[in-house]
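# Coordinate inspection notes
One letter stands for each residue in the lines below.
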Amino acid sequence: MKCQHCGNNEAEYQYTIVIGDKQIDRYLCADCAKQLGYENGNGTLSFDQLFSDFLSAKVYAPTPEAACPRCGDTWSDIQKSGKVGCAACYQTFADRLLPFVQKIHGTGIHVGRAPRQEQRDPSQTQTEALLAQLQAQLDAAVAEQNYEQAAVYRDEIRALMGGGA
Amino acid sequence: MSFYEQTGPQGEIVVSSRVRLARNFQDHPFPGRMTNEEKQAVLHLAEKSLPGYTCLSMNGMRPTEASALVERHLASRELLSAGGPRGVFLSEDECVSVMVGEEDHLRIQVLCAGFAPDAALKRAQAVDRMLEQAAPYAFDRKLGYLTKCPTNLGTGLRAGVMMHLPMLTERGAIRDLTASLNKLGFIIRGLYGEGTAAQGDLYQISNQVTLGITEEEIVSRLKQVTGSILAQETDLRQKYKSVFPAKLLDRCQRAVGLLATARLLPQQEAMQLCSRMRLGLAVGCLAGVSMAEMNRLLFEMQPGCLVTRGRQTQTYRNLDQMRADMVRPIAQKAMAALLQPSEPSE
């Protein structure tokens, strides 16, 4: 791995700094570590320097926020408005959006109508896929001893099987 | 003929039923992130699939005309304030309105007179099938129809009723109703949606949850909830009529007296008095005016509708005066019925 400061030399030192709930990992070459005051000659860290670096964000420059490749919305944009920019945002930010969706609706599985474009595939596949997904969620809920949620999944499975019969 | 010019099932209490489907096309970002060219393209897609519909473009429309559309529940305030090419497509009977370029590409709305959410859903789904032929919809097997706001995911369906609840309002029961409806996944709001006061004791009740439930189940739950509110309001009306007959007569007939003679009617007062008159007609304390006429008054006395109407008849006047002039002849019909020897009430 290259040094994160100069980008030329091989990194020789890893510094992990924990301040509050923030953890920062820095990979530096010997020269840069010395230059930035990470090593004060005898191999110990200069905490004063670290702290001031942290505050001035010299060391901890946050990486640019991930944006939706389709519409350019970032997670902050979505948080601010409570709304997404395009259909692809639901995939881009799935890890953060889906728990939110589940919270609003009490579930994350659509059971209503589908457009004809989707129905070209045998409808059996969709039901089967949904059932498998629900079964996995049910198993996970039982493993977590979240029986209330498990009951919800169980009822959804029953409804699906009943509806398909 | 608009939904409010007809009388439907349970029309004494349920003014109208409404169903709305939120839909987006797969190949375009949502309206907030679209260029004007893309918005225009989506308008063309809608135009192509809605033959026989009247297209009203929001661009260049007079603000009062746009307001009149909102007052008649054919467009939303959000559509008015959104930018770029956008519009609303109206069916010949004005019961179907498809907003293009609001929060989502398409908002398919069907309004029916009275308590008829099943019929409204059926019609909305037929229009939906017409529109989906234009281009593929944004749809995910797990999340259903994809919408700009996660609260509309899944079915994209909002089903609701507009109810006239003067007795529950007087009882102070609306707050409790709000709480219990919330628990059932329903929301109750004023006449013109979120954040508007309940003018004329008119309320809109609709579902909040759209995902993990079928369209039919949403409508069936709405029917249950509405049925129970309907029973409570009917019960209160009957009790009130038998326990305080003079009080009820006084309230309804006094309102007619005012409406039949007033020359200036501010909006709030007019809505309040018309609510009492509507109640009187529903419980048989008044006669001579149909529920449909009464409903038309409640909608068309709103400012945008009045101005639009005034422009058509070339009578530019004070709004309160225009409102009074519109209401007076109708209230006078109820007055005439009261003054006849065979009074409708004891």
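## Describing the overall build of chain B
Along the backbone of chain B there are 12 helices and 10 strands. The globule rule puts the C-alpha radius of gyration for 346 residues at 20 Å, and the 21 Å found for chain B is close to it. Taken across its 346 residues, chain B has 58% of its residues classed as buried. Surface summary for chain B: the accessible area is close to 13,900 Å², and the carbon and sulfur share equals 51%.

## With respect to the overall build of chain A
In terms of helices and strands, chain A carries 8 helices and 2 strands. When each of the 165 residues of chain A is scored for burial, the buried share is 33%. In chain A, the proportion of contacts linking residues at least 24 apart, taken out of those at least 6 apart, comes to 27%. Accessible area for chain A stands at about 10,200 Å²; split by element, carbon and sulfur atoms hold 51% of it.

## Describing the state of the cysteines
Taken as a whole and assessed by the stated rule, the structure comprises 0 disulfides over all chains. Free cysteine: B:Cys149, not disulfide-bonded; nearest cysteine sulfur from A:Cys89 at 13 Å. No disulfide involves B:Cys274; its nearest neighbouring cysteine sulfur is the one of B:Cys252, lying 12 Å away.

## Observations concerning the sheet that holds strand 10 (residues 202-207) of chain B
Residue and element names in this part refer to chain B. Pairing within the open sheet is antiparallel, and its 8 strands lie in the order 2-3-4-5-1-8-10-9. With partners counted over all chains shown, the strands left at the sheet margins are strand 2 (54-57) and strand 9 (186-189), one partner each. Within the sheet, the average angular offset between the axes of one strand and its neighbour, ignoring direction, is 20 degrees. Running over the sheet, helix 4 (residues 117-131) touches strand 1 (14-23), strand 4 (96-100), strand 5 (106-113) and strand 8 (157-164) and is turned about 150 degrees from strand 5.

## Quick look at the interface of chain B and chain A
Interfaces are often sized by the amount of accessible area the parts lose when they come together. Listed per partner, the contact involves 39 residues of chain B and 32 residues of chain A. Surface buried jointly by chain B and chain A totals about 3,300 Å² across both partners, of which 54% is contributed by carbon and sulfur atoms. Across the pair B:Asp128 and A:Arg113 runs a salt bridge whose closest N-O atoms are separated by 3.7 Å. The tally of links from chain B across to chain A stands at 16 residue pairs in polar contact (both at pLDDT 80 or more). Counting residues per element, the ones that place at least two in the side of chain B that touches chain A are helix 4 and strand 7 (144-145) of chain B. Top contributing element to the side of chain B that touches chain A by residue count: helix 4 of chain B, with 3 residues. Classifying every residue of the side of chain B that touches chain A gives 15 nonpolar, 14 polar and 10 charged.

## Comments concerning the side chain of B:His105
Residue and element names in this part refer to chain B. Following the sequence through the fold, histidine 105 ends up in the loop between strand 4 and strand 5. Residue histidine 105 is classed as buried on the basis of its relative accessible area, which comes to 1%. Contact partners of histidine 105, with chain neighbours within four places excluded, come to Arg23, Asn24, Phe25, His28, Pro29, Phe30, Pro31, Met34, Val42, Met99 and Val100.

## Observations concerning the packing of aromatic side chains
All names here are of chain B. For the structure on display, the rule yields 5 aromatic pairs over all chains. Ring geometry for tyrosine 240 and phenylalanine 244: centres 5.3 Å apart, planes at 55 degrees, overall tilted. Here tyrosine 240 falls in the buried class, since its relative accessible area comes to 8%. By way of ring pairs, the aromatic residues Phe25, Tyr137, Phe139 and Tyr145 are connected into one cluster. In this arrangement the basic side chain of arginine 23 is found over the ring face of tyrosine 145, its NZ or CZ atom lying 3.4 Å from the centre.

## Considerations on the environment of B:Val98
Residues and elements named next belong to chain B. Relative to the assigned elements, valine 98 resides in strand 4. Put simply, valine 98 and threonine 169 are 71 residues apart on the chain and 33 Å apart in space, counted from C-alpha to C-alpha. Setting aside residues no more than four positions away along its own chain, valine 98 makes contact with Leu50, Gly87, Val88, Phe89, Leu106, Arg107, Ile108, Val127 and Leu131.

## A short note on the confidence of the model for chain B
With 96% of its residues at a pLDDT of 70 or more, chain B has an overall mean of 91. For this predicted complex, the interface score ipTM comes out at 0.83, while the overall pTM is 0.77.

## Observations regarding the packing of helix 9 (residues 267-283) of chain B against helix 10 (residues 291-300) of chain B
All names here are of chain B. Across the interface, helix 9 lies against helix 10 with an axial gap of 10 Å and an inter-helix angle of 170 degrees. On the basis of their axis angle, the class for helix 9 and helix 10 is roughly antiparallel. Residues Met271, Cys274, Met277, Arg278, Leu281 and Ala282 of helix 9 form the contact with helix 10, whose participating residues are Met291, Met294, Asn295, Leu297 and Leu298. For the contact of helix 9 with helix 10, the per-class residue count stands at 9 nonpolar, 1 polar and 1 charged.

## Some words on helix 8 (residues 245-261) of chain B
Residues and elements named next belong to chain B. Along its 17 residues, helix 8 runs 24 Å from first to last C-alpha, staying within 8% of the 24 Å computed at 1.5 Å per residue. Regarding helix 8, the residues found buried are Leu248, Leu249, Arg251, Cys252, Ala255, Val256, Gly257, Leu259 and Ala260. Turning to helix 8, the residues buried within the fold contact helix 5 (166-170), helix 7 (215-243), helix 9 and helix 12 (319-339).

## Digging into the environment of B:Gln26
Along the chain, B:Gln26 turns up in the loop between strand 1 and helix 1 (36-49). Judged by relative accessible area, which is 37%, B:Gln26 ranks as partly exposed. On a C-alpha basis, the gap between B:Gln26 and B:Pro51 in space is 22 Å, while along the polypeptide they are 25 residues apart. Contact partners of B:Gln26, with chain neighbours within four places excluded, come to A:Arg70, A:Gln117, B:Pro136, B:Tyr137 and B:Ala138.

About the thresholds
- Residues numbered from 1 in each chain as written.
- Chains lettered and ligands numbered in written order.
- Predicted model: local features only at pLDDT ≥ 70, side-chain atom pairs only at ≥ 80, totals over all residues.
- Heavy atoms only, no water.
- Helix = DSSP H or I, 4+ residues; strand = E, 2+ residues; numbered from the N terminus.
- Rg over C-alpha atoms; globule rule 2.2 N^0.38 Å.
- Buried < 20%, exposed > 50% of the residue type's maximum accessible area, 1.4 Å probe, protein only.
- Areas by Shrake-Rupley, 256 points an atom, 1.4 Å probe, with all protein chains shown as cover.
- Contact = heavy atoms within 4.5 Å.
- Disulfide = S-S within 2.5 Å.
- Pairing = 2+ DSSP bridges.
- Axes fitted to C-alpha atoms, helices over the stretch in contact; angles between N-to-C directions.
- Buried area = accessible area lost by both parts, 1.4 Å probe.
- Salt bridge = Lys/Arg side-chain N within 4 Å of Asp/Glu carboxyl O.
- Polar contact = N/O pair within 3.5 Å; in protein donor to acceptor, adjacent residues only side chain to side chain.
- Nonpolar A, V, L, I, M, F, W, Y, C, P; charged D, E, K, R; others polar.
- Phe/Tyr/Trp six-rings, centres within 6.5 Å; stacked < 30°, edge-to-face > 60°.
- Lys NZ or Arg CZ within 6 Å of the ring centre and 35° of its normal.
- pLDDT = per-residue confidence, 0-100.
- Parallel < 35°, antiparallel > 145°, perpendicular 65-115°, else oblique.
- Expected span 1.5 Å × (residues − 1).

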